[in-house]
Every structure is written in C-alpha cells, then in structure tokens.
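Residues per chain, in single letters:
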Amino acid sequence: MRAVDLTERIEIVALDSSEIDRVEGLWKEMVAVHREVTAGEWPVRSAGDAWARRRIDYEEILGEDGGRMLVALPARALDDEPLGYAALTVRKSGATWDMGELVGELESLSVAAAHRGRGIGTALLGACRDSLRAEGIVYWGVGVVEANEGATRLYEKAGFRPYYRLLKARIDQSHPG
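Quantities reported herein were computed from a predicted structural model and do not represent experimental measurements.

Novice: Even after reading the chapter, I still don't get the pattern of salt bridges, so can you show me in this structure?
Specialist: Opposite charge on two side chains permits them to pair, given that their charged atoms come into close proximity. Scanning all chains against the criterion turns up 14 salt bridges. Measuring nitrogen to oxygen at the nearest pair gives 4.0 Å for the salt bridge that ties R54 to E107. Separated by 53 residues along the polypeptide, R54 in helix α2 (residues 47–63) and E107 in strand β4 (residues 102–111) bring together distant segments of the chain. Linking R165 and E146 is a salt bridge whose minimum nitrogen-to-oxygen distance equals 3.5 Å. Here the residue R165 occupies a position in the segment after α4 (149–157), and E146 occupies one in the loop between β5 (140–142) and α4, the gap between them amounting to 19 residues. In this structure, R165 and E146 share a single accessibility class: exposed. One salt-bridge network, held together by shared partners, links R54, D57, R91 and E107.

See below:
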C-alpha cells in the first residue's frame, strides 16, 4: 500500500520559544529511532533526559539570530499536535571553506512515525531551504546518525552530500598495533 502524500494538507509555521514543548513528543520519537538504529552500539540517553537537555538547546537556538523552529501542522488545525518539525541555526562560516559568510545547520528534523513517508520531511526541508535562501545563505549542513538509512536517503534526496566524517570511540578502548 502506498502512503498518502500529506503535503497539500499541511501548513508549515514558525514556533517561538514559548512553544518549544509542542515538539517534545517528536523529539522523544527521534531518540527512540536513534536507539533502534544503533542497536546498542552507542549509548542513548533516556527520552526524558534527552528532552530536558535538548529543550535547553532549543531555548538557546531560538534566542540566537537566525535560529528558528518550523513545524508541520494539519491545515486549518494550527493548535493540533505537530506532524513534524525542523530546528535550524545560522552560524558564521568556517575559515577553510569558501561557503559565504554564513551557513545554515539543520539541528533536528523529526516526523511522527505515523506520518513518515508522506512528504512531511521533504516539505520541512523545503521550508528550511527557502528560509535560508531568503537570507542569502548558499550552503547548509545536517548531521545524521550513520545507521539511520531512512534519514540519510531523505537528506541525499534533498541534495545533501557527504562532507565531513565524524568518528567516535571510547577513550578507554585499546588501540590495535
């Protein structure tokens, strides 16, 4: 059975810092996905602890110039629970790469499990792209858990390509040789 495309029946709006808690459930779903796709290879915080920490991050993001949170809501039901959201920041570009003065960073993107595969993530990415483009920003990035194949496909479909590879290891791991 093919999923129904919901993009014609959603509205994407910006939230302010007083509305951060509207995305708590979506964040916790993302934490559960991280736990599932890494299958115990990496330690994942409890959903409650992860949310408490991320909520503080979101307050900071929404207090920064260029920080924003966009949510996908059912059209004409703007008080309903969000179907998905994206948090976006703008930062000064690094010293090495000539990507303009400012670059965007997609900090989080989550779509409710019941609505994945229906165009909501793509619509949120498009709204983020439009928002950055309106500011004259030319490049943006996103970090993705390497084992999260669904998210990686979504980002690659949106034009993202590998750029940096971040490797992690426990400090107390012995090193071969």
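Novice: In this structure, what is going on with the environment of S131? I would like to understand it.
Specialist: Considering the arrangement of structural elements, one finds S131 in helix α3 (residues 120–134). For S131 and L88, which are 43 residues apart along the polypeptide, the C-alpha to C-alpha distance reads 9.6 Å. Of note is the side chain of S131, whose polar atom sits 2.3 Å from the side chain of R68.

Novice: Quick question: what am I supposed to make of α3 here?
Specialist: Because an α-helix completes one turn every 3.6 residues, residues spaced three or four positions apart along the sequence face the same direction. In this model α3 runs 21 Å from its N-terminal to its C-terminal C-alpha over 15 residues, within 8% of the 21 Å that 1.5 Å per residue would give. Listing the buried residues of α3 in full gives I120, G121, L124, L125, C128, S131 and L132. The buried residues of α3 occupy one face: seen down the axis, they fall within an arc of 140°. Residues of α3 that are exposed and angled more than 90 degrees away from the buried face: R133 and A134. Residues of α3 that are buried make contact with β1 (10–15), β2 (68–74), β3 (84–92), β4, β5 and α4.

Here is what the cut-offs are and how they apply
- Residues numbered from 1 in each chain as written.
- Predicted model: local features only at pLDDT ≥ 70, side-chain atom pairs only at ≥ 80, totals over all residues.
- Heavy atoms only, no water.
- Salt bridge = Lys/Arg side-chain N within 4 Å of Asp/Glu carboxyl O.
- Helix = DSSP H or I, 4+ residues; strand = E, 2+ residues; numbered from the N terminus.
- Buried < 20%, exposed > 50% of the residue type's maximum accessible area, 1.4 Å probe, protein only.
- Polar contact = N/O pair within 3.5 Å; in protein donor to acceptor, adjacent residues only side chain to side chain.
- Expected span 1.5 Å × (residues − 1).
- Arc of directions from axis to C-beta.
- Contact = heavy atoms within 4.5 Å.

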